[in-house]
Amino acid sequence: MSEKNYRLLGSPMKEPRGESISKSPNRGAVKIVSGPVVTAKTDFSVRMFEVVRVGVLGLLGEVIRIRDGEADIQTCEDTTGLRVGEEILFTGELLGIELGPGLLGTVLDGTGRPLRKLGEKGIYLERGAQASALSDDKLWRFTPATETGEEAGPGDVLGTVVEGSRFLHRVLFPANLPGGRVSWIAPEGDRRVRECICRLDNGAEITLSQRWELRVPRPAGSRLPSDRPLLTGQRVLDTLFPLALGGTAVLPGGFGTGKTVTQQSLARWCNADVIVYVGCGERGNEMTEVLEEFPTLTDPRYGTPLMERMVLVANTSNMPVAAREASIYLGMTLAEYYRDMGYDVAVMADSTSRWAEALREIGGRLEEMPGEEGYPAYLGSRLSRYYERTGRVEVLGRPRRQGSVTAINAVSPAGGDFSEPVTQASLRLSGAFWGLDKNLAQARHFPAINWRVSYSLYENLLSDGMEEMAGENWTALREYLKGVLLHERELSDLVRLLGRDGLSEEDKWALYHAENLKILYLQQNAYSPEDACFSLTRSAALLSLLRTLDEKARKAIADGLYYDEVVAFPIRSDLMSLRALPENALSEKAGEWLSAMETKFSAAKEKMGTRNESPVER
Ligand code: ADP
């Protein structure tokens, strides 16, 4: 391998700006090859997690253990054919990515290599392939936001470029470079990513791109409270288990319970500005579906392609485990980059279980002492390193701006058993737990969120913010829904003991209406254009309709109507049609329908009066 070839993926072509990089890489040699783990002979100092290029093909790897005169390397690529004695280049750098305009809309592998560019035939890469996801030649229209003579420091916005049709990409002063006085700033014009756009008095040159190490959190200013919702468009989640911008949610569920569909719905409909979707260890054909589907989706906000504000990271189960291990940190680094521009970013990983399996596999090869179910004892701390990078923050630099990174991680516990270590470790670190239920999925109740085990710690923090958006009765409506579901549980227990006929007329209605709420409110069809996404106000209108209907029906029953007489009206089918109405029509039509129902109940009551007076009936 030639010396100039050692340059890492994503490393800048010019000066490495504030990065520790050895100008002449050290060279070791392969001593032992054990699957993806390679032991190298070294007679120089090696950094933990240093990136290496192994053998003739230059396979990408990371140092994961250092011993006297030896280093263990986890390769991110298949080692078939690698021989003892082949050369290993120690680059002195940690795994990183070159960040800059042009990343949105790309599909990257777990180490940040662009899959489309390198593996045109599919999503597979050639071994040893090296490339940056950023295009060398593409010109970006740069508009400066600072002037010569101004002070500039980490995180400051130096200018902007427009990515895609409308994404405003803020060009930031690199967070790992000392500040200084601007001696030259590029005027408005077309620039390439690695062209200098700003020069400082101290001689430093800044380009449109900057490198960042994946495992190192990007610095931010002060943390802000989790009091703004990440709206998902899913009624059950937004109402019962809301998630805050900057929060963390875990989505555990057995096979076929709807993790992937739910994650994709969130990617499409949630109110984050940028989405980073990490397909982590899922089967190749599932990932291919994702890769094929996302580019066809239209952004519901602007009508432009959704991919214009998305980055996909694809790492399927047949790709090497080390790249899978790195992929979630890559996703997080990308998310932090857009957060630093002042955006709300959602990073979704599907699934944490496959990521943890990668850790287990690596730990096993290193003969580490296994913890519960063979996972390494540091599973929880590794996971927390990821989750700790989420949050809503005042970002670094001027002008003042806020940004957030919200993480939504799917977990696939074998047999849907939530007591297994990965679910438990995720649960401890997450603010919202959205447990998917096999029985609900089998009954085609989707999203199969089990409302009995799920929870959100953000509920109270978000109440004020959600009332501002949905109206001041939002909290009362939510409590109403919770009350109905709780009562339904008690009544179901009673029915098991006494049978349905043992219930009072009012309780029979309560049970029926709880079913209405489940079918019409908690269930949501991701494939139906009218139903797939509900704004908070539309959800509030629907829930309010259901609550008023409940009050009217109860009153009718208290006035003497039988349950059978109340449900003889086509309530459910009417409600279905009302639910399909667009937001502005829903409230109006709901009012009309409720008045009509009231009239029908009164008419039935009058009939009942004549019935009771009739001598035959008596
Ligand atoms: P998992 O990723 O947990 O294995 P999937 O997300 O692939 O499960 O979902 C399995 C199937 O469940 C989907 O193919 C779809 O038919 C159905 N499904 C899941 N969620 C929904 C939903 N919200 N609306 C309609 N169907 C759904």
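Please read all numbers here as calculations on a predicted model, not as lab measurements.

What counts as what
Residues numbered from 1 in each chain as written. Predicted model: local features only at pLDDT ≥ 70, side-chain atom pairs only at ≥ 80, totals over all residues. Heavy atoms only, no water. Helix = DSSP H or I, 4+ residues; strand = E, 2+ residues; numbered from the N terminus. 1 Å grid on protein atoms, 1.4 Å probe; cavity = no way out; pocket = protein on both sides within 12 Å on 5 of 7 lines; lining within 4 Å. Points joined across faces, edges and corners; volume = space filled by probe spheres on them. Nonpolar A, V, L, I, M, F, W, Y, C, P; charged D, E, K, R; others polar. Expected span 1.5 Å × (residues − 1). Buried < 20%, exposed > 50% of the residue type's maximum accessible area, 1.4 Å probe, protein only. Core = buried A, V, L, I, M, F, W, Y, C linked by side-chain atoms within 4.5 Å. Contact = heavy atoms within 4.5 Å. Near = heavy atom within 4 Å. Polar contact = N/O pair within 3.5 Å; in protein donor to acceptor, adjacent residues only side chain to side chain. Areas by Shrake-Rupley, 256 points an atom, 1.4 Å probe, with all protein chains shown as cover. Sits in = over half its atoms within 2 Å of the grid points. Phe/Tyr/Trp six-rings, centres within 6.5 Å; stacked < 30°, edge-to-face > 60°. Lys NZ or Arg CZ within 6 Å of the ring centre and 35° of its normal.

Enquirer: In this structure, what is going on with the environment of Glu289? I would like to understand it.
Expert: You can see Glu289 is positioned in helix H4 (residues 284–293). As for Glu289 and Gln210, which are separated by 79 residues in sequence, their C-alpha atoms are 32 Å apart.

Enquirer: Could you clarify how one ought to interpret the layout of surface pockets in this entry?
Expert: Take a probe with the size of a water molecule and roll it over the atoms, and the empty space left behind shows itself. Taken as a whole, the largest pocket encloses approximately 440 Å³ of empty space. What lines the largest pocket is a set of 21 residues, and nearest its centre among them are Phe255, Gly256, Thr260, Arg283 and Glu286. Of all the secondary-structure elements, those providing two or more residues to the lining of the largest pocket are helix H3 (259–269) and H4. When its residues are assigned to classes, the lining of the largest pocket shows five nonpolar, nine polar and seven charged. Taken as a whole, the second largest pocket spans an internal volume of roughly 330 Å³. Lining the second largest pocket are 18 residues, and of these Phe446, Pro447, Gln524, Asn525 and Ala526 sit closest to its centre. Looking at the lining of the second largest pocket, the elements with two or more residues in it are H3 and helix H15 (571–579).

Enquirer: Looking at this structure, I do not really get helix H12 (residues 505–522). What am I missing?
Expert: For an α-helix, the turn length of 3.6 residues means that residues three or four places apart are oriented alike. Taking 1.5 Å per residue as the helical rise, H12 with its 18 residues ought to reach 26 Å, and the 25 Å between its terminal C-alpha atoms agrees with that figure. Counted residue by residue, H12 has 14 buried out of 18 residues, so it is predominantly covered.

Enquirer: What should I look at first to understand empty space enclosed by the protein in this one?
Expert: Here the structure, examined in full by the defined rule, presents five cavities of 30 Å³ or more. The calculated volume of the largest cavity comes to roughly 50 Å³. Forming the walls of the largest cavity are Gly155, Leu172, Phe173, Pro174, Ala175, Gln210, Arg218, Pro219, Asp340, Val395 and Leu396.

Enquirer: Where do I start with the nonpolar core in this structure?
Expert: One recurring pattern in soluble globular proteins: nonpolar side chains tend to sit buried together. Grouped together as the largest cluster of nonpolar side chains are 84 residues, with contacts concentrated most on Phe294, Trp434 and Ile571. The element contributing the most residues to this core is helix H13 (residues 536–558), with 11 residues. If we ignore the near neighbours within four places in the chain, the residues touching Trp434 are Thr232, Leu237, Phe241, Leu243, Ala249, Val250, Leu251, Pro252, Leu266, Ile408, Ile449 and Ser454. Core analysis: the second largest hydrophobic core is formed by 73 residues, Cys76, Val171, Ala335 and Val422 among them.

Enquirer: Would you mind going over the environment of Asp156 with me for this structure?
Expert: Tracing the chain through its elements places Asp156 in the loop between strand E10 (151–152) and strand E11 (157–163). A C-alpha to C-alpha distance of 67 Å links Asp156 and Glu505, two positions 349 residues apart in sequence. With sequence-adjacent residues up to four places away left out, Asp156 is seen in contact with Glu151, Val171, Leu172, Phe173, Gly397 and Arg398.

Enquirer: Explain the site of the ligand to me, please; I cannot follow it from the model alone.
Expert: Close to the ligand lie 14 residues, the nearest being Gly256, Lys259, Thr260, Val261 and Ala526. Gly258 is positioned such that a nitrogen or oxygen atom in its backbone is 3.1 Å from an oxygen atom of the ligand. Within the contact set of the ligand, an oxygen atom lies 3.5 Å away from a side-chain nitrogen or oxygen of Arg444. Burial of the ligand by the protein chains amounts to 79% of its free accessible area of 560 Å². Judged by the proximity of its atoms to the pocket grid, the ligand belongs to the second largest pocket. For the shell around the ligand, the per-class residue count stands at five nonpolar, seven polar and two charged.

Enquirer: Please clarify how the packing of aromatic side chains should be interpreted in this entry.
Expert: Two descriptors summarise a pair of aromatic rings, namely the distance from one centre to the other and the angle between the planes of the rings. Using the criterion set out here, one finds 11 aromatic pairs in the structure. A centroid spacing of 5.7 Å and a plane angle of 85 degrees characterise the contact between Phe418 and Phe433, whose relative ring orientation is edge-to-face. Taken together, the positions of Phe418 in the loop between strand E26 (402–411) and helix H8 (421–429) and Phe433 in strand E27 (residues 432–433) put the pair 15 residues apart, joining distant regions of the chain. Relative accessible area serves as the criterion here: at 3%, Phe433 is assigned to the buried category. Centre to centre, the rings of Trp509 and Tyr512 are 5.5 Å apart; their planes meet at 40 degrees, and the pair counts as tilted. Placement of both Trp509 and Tyr512 in helix H12 is noted, with a separation of three residues, approximately one turn of the helix. Judged by its relative accessible area of 0%, Trp509 is buried. It is Arg166 that lies over the ring of Tyr302; its NZ or CZ is 3.9 Å from the centre. Here the guanidinium or amino end of Arg360 rests over the ring plane of Tyr375, the centre of that ring lying 4.3 Å away.

Functional significance is not addressed by these values, which are geometric in nature.
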